[in-house]
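# Examining the three-dimensional arrangement
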There are 2 protein chains.
Amino acid sequence: MALIVHKYGGTSMGSVERIKNVAQRVAKWHAAGHQMVVVPSAMSGETNRLIALAKEIQAQPDPRELDMVASTGEQVSVGLLSMALNAIGVPAVSYAGWQVPVRTDDAFTKARIESIDDARVRADLAAGRVVIITGFQGVDSNGNITTLGRGGSDTSAVAVAAALQAAECLIYTDVDGVYTTDPRIVPEARRLARVTFEEMLEMASLGSKVLQIRSVEFAGKYRVKTRVLSSLTPPDIDLATEAESGTLITFEEDEQMEKAVISGIAFNRDEAKITVTNVPDRPGIAYQILGPVAEANIDVDMIIQNASVGGNTDFSFTVHRNEYQKAIAVLNDTVKSRIQAGDIVGDPKIAKVSVVGIGMRSHVGIASLMFRTLSQEGINIQMISTSEIKISVVIEDKYMELAVRALHKAFELDQPAAA
Amino acid sequence: MALIVHKYGGTSMGSVERIKNVAQRVAKWHAAGHQMVVVPSAMSGETNRLIALAKEIQAQPDPRELDMVASTGEQVSVGLLSMALNAIGVPAVSYAGWQVPVRTDDAFTKARIESIDDARVRADLAAGRVVIITGFQGVDSNGNITTLGRGGSDTSAVAVAAALQAAECLIYTDVDGVYTTDPRIVPEARRLARVTFEEMLEMASLGSKVLQIRSVEFAGKYRVKTRVLSSLTPPDIDLATEAESGTLITFEEDEQMEKAVISGIAFNRDEAKITVTNVPDRPGIAYQILGPVAEANIDVDMIIQNASVGGNTDFSFTVHRNEYQKAIAVLNDTVKSRIQAGDIVGDPKIAKVSVVGIGMRSHVGIASLMFRTLSQEGINIQMISTSEIKISVVIEDKYMELAVRALHKAFELDQPAAA
């Protein structure tokens, strides 16, 4: 008997039949004696429909009003799921974010959760009710509805689990766990039974679509045992089997880990690189280049500045591909003349490929194996950036699949790691 | 310069283009210096879609959860309308019922407004913002979302106007006012420039679909000057013309009234009549018959009990046609044996036709003109019921149109009344 949080995505909530399946699954856990809190997303397509409607009215919708509109999809979901549980004899009650309340800052469309009140939820759980809480939304200190941004329901679920000190947060998705890499590119990719939250963080930030990155940060910060598992199994499969399925995101020091050096290969094709050439090598130059970019609300990912030769250097960074033209324009308009740089050059046809692994901390030779593997395939490396548990390279985008497959094999990710 | 409340129905909010039209109309009033509060309904079809979804999940949806789901349509509307105003440079802000708050009792799906806090709204109005408030919904004392039942947005608008002591509440609909009767049945029907709230109350309760009856009660109780007018005029028509159009619901003692004896002919075909024959004429019998009917949640409209002859009498009443079978079953199961009545007989094929007029109070001969007119057309009267300003008869439903046309002519409603 434990307090368990379930999160279901839009696909799992996508039709009346599927909502009834979710109810069956939750009822099974409830019947086993667990205290159940469920965080569902909006029915698939609903949030997109609402945002499209808003954009028809106003090309750049007022953010507060957009949240007012976009948050309704989750409210419909919680009500319907509560009905589906009541219909099969399981007492349930639904809450919108403001009713719990889930308090956030006032950054509309990308708010951050500040606190979650557990009093009302605990009273319902004590009375034997399943509590269903909207994902994706909260309320700011002025009583305005806020949303957490895309994928925010994952974050809501983990945050609710943290606030309630839940035994585990189960994220049901349309994949059955976290893989060593994308099985659509590498058929030999293996599901990981466990992954550390640091690795998950790197994988999520590198484009693995399994979990929203902020939910992983939350899981790490509050030590929430979080499991990613399939919502496509029959709702009545054996509970013990289900409880051990998927991938558990865990904490190195708490858990016995697989001893793999590398856990996975992450990749994405969403970025573009930009280089400012012939930059004077003096204090403040990085800020002078990236300040105006940040002011234009453009997120920067990798940043590379090499040691200077003869007082000048090249300064490179990557941005989301959708913001490539805007970033180039900002640099030409404001930065170029101000710092007397050479040229602004760039390339949107790049891919980033990364090897990720907590074991990297205590192993040498990872970088050289990675670079040798790419070299053997004739793939030129354009940029390199490293963290404690990750090495990322930027390559020409047409080589991405080849690079992922070669690295997956070179690091023997198709073989189960020794315990 | 005045504080004005506008209410727009689902048809007016039915598409992006129509929402933009509403914004243009509100902007015109705002530009004329008025403080504007707007109460829109959900986009047409949306509430029905949500309720249908709920019923697919649970045949009799849990009322609290149904309100959670059904209230989202209005939330989408207020956000979109606020965006449409912001898009044309008019500062606007939207609120859900709980944000104002609009406080109600906890009778889910048919809640009643208890109070409306005006502080937040007044602050926005003082800052020059148009305030957009969801119709149809409120919040109970436990923070649960409630809805007011069908047509509840009219009530919301009038209640908001009352709370803010608005100069006028304008209800924009797809008809251009209140008519002496339905023009689809009587082409000579005339629009009334003014109607008293008591007459409007009788007309609304008798099936004129123009306004929800509770909104008329509110208008009467709080003396809210309420106008029903067309939402189909071009949004940029002259404001002074628009402000005088439609039908003003007014208060006899305040206003110079048309001196018509009868204001209109109301009718409906939604009812069924039931008679319990041979009922012992003793105290408590009406309660013994209607108590179980009320407990079964069946609303009763007309109730007739004639003077008894020889200690026994017949007891008749009407219910909504959809509840006819249920009412008959209740009477057969619980009432018949308990009071030793004769038979339970009934007829769902009836229509109710009423003449309504404040002038009836001080005029004689209305009833006899009504009965003579029906008699001349060969229409048999099955039941009669009267109030101070209304006479209703039940007739066979196939004669309804004939009766309405004959009465409209007999009372000279096609002629403008003398001032």
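Conventions used here
- Residues numbered from 1 in each chain as written.
- Chains lettered and ligands numbered in written order.
- Predicted model: local features only at pLDDT ≥ 70, side-chain atom pairs only at ≥ 80, totals over all residues.
- Buried ≥ 20, exposed ≤ 12 C-beta atoms within 10 Å, placed from the backbone.
- Helix = DSSP H or I, 4+ residues; strand = E, 2+ residues; numbered from the N terminus.
- Pairing = 2+ DSSP bridges.
- Axes fitted to C-alpha atoms, helices over the stretch in contact; angles between N-to-C directions.
- Contact = placed C-beta atoms within 7 Å.
- Nonpolar A, V, L, I, M, F, W, Y, C, P; charged D, E, K, R; others polar.
- Domains from an automatic or database assignment.
- Least-squares fit on C-alpha atoms with pLDDT ≥ 70 in both.

Glancing now at the pairing of strand S16 (residues 271–280) of chain A. Put simply, side chains in a regular strand alternate between the two faces of the sheet. All names here are of chain A. Of all ten residues in S16, seven are buried, a share of seventy percent or more. Direction of pairing for S16 relative to strand S18 (residues 312–320): antiparallel, over a ladder of eight bridges. In the strand pairing of S18, Val279 is matched with Thr313. The pairing of S16 with strand S19 (residues 344–347) spans four bridges and is antiparallel. Counterpart to Ile274 in the pairing with S19 is Gly346.

Let us now look at the sheet that holds strand S16 (residues 271–280) of chain B. All names here are of chain B. Taken in spatial order, the four strands line up as S17-S18-S16-S19 in an open sheet, and their pairing is antiparallel. Because the sheet does not close on itself, it has two edges, and the strands there are strand S17 (300–305) and strand S19 (344–347). Shown here is a sheet whose adjacent strand axes are inclined to one another by a mean of 20°, direction ignored. Packed on one face of the sheet, helix H11 (residues 324–339) meets S16, strand S18 (312–320) and S19 and runs near 10° to S16.

The next thing to look at is the sheet that holds strand S22 (residues 390–396) of chain A. All names here are of chain A. Read across the open sheet, the four strands follow the order S15-S20-S22-S21; overall the sheet is antiparallel. The open sheet has two edge strands, strand S15 (264–268) and strand S21 (383–387), and neither has a second partner. Each neighbouring strand pair of the sheet contributes to a mean axis angle of 20°, computed without reference to strand direction. Contacting strand S20 (350–356) and S22, helix H12 (residues 366–376) runs over the sheet at an angle of about 20° to S22.

Right, let's get into the environment of Lys326(A). The residue Lys326(A) is located in helix H11 (residues 324–339) in this model. In this structure, the C-alpha to C-alpha distance between Lys326(A) and Ser41(A), residues 285 residues apart in sequence, is 32 Å.

Listed in full, the buried residues belonging to helix H8 (residues 213–221) of chain A are Arg214(A), Ser215(A), Val216(A), Phe218(A) and Ala219(A). Following H8(A) by one or two positions, Arg223(A) has its phi on the positive side, about 55°.

The next subject is the interface of chain B and chain A. Each side of the interface is counted separately: chain B has 27 residues, and chain A has 27 residues. When contributions to the side of chain B that touches chain A are tallied by element, the ones reaching two or more residues are helix H1 (16–31), helix H2 (46–57), helix H3 (63–70) and helix H4 (72–87) of chain B. Sort the elements by how many residues they give to the side of chain B that touches chain A and H4(B) lands first, with eleven residues. When grouped by side-chain class, the residues that make up the side of chain B that touches chain A number 15 nonpolar, nine polar and three charged.

Now for the domain arrangement of chain A. Here the domain parsing of chain A yields domain 1 (3–175 + 210–252) and domain 2 (258–419). Centre-to-centre separation of domain 1 of chain A and domain 2 of chain A, based on C-alpha positions: 34 Å.

With that settled, consider the relation of the copies chain B and chain A. Of the transformation superimposing chain B on chain A, the axial component is 0.1 Å and the angular component is 180°, with the fit at an RMSD of 0.1 Å. Taken together, these values place the two copies in the relation of a two-fold axis. Closest approach to the rotation axis within chain B is made by the C-alpha atom of Thr72(B), at a distance of 2.8 Å. A share of 100% of interface residues in chain B that are also interface residues in chain A marks the association as one of identical surfaces.

Attention shifts here to unusual backbone geometry. Residues and elements named next belong to chain A. The peptide bond linking Val100 to Pro101 adopts the cis configuration, its omega dihedral lying at -15°. Here Pro101 lies in the loop between strand S3 (92–95) and strand S4 (102–104). One non-glycine residue, Arg223, lies in positive phi territory at about 55°. As for its position among the elements, Arg223 is in the loop between H8 and strand S13 (226–230).

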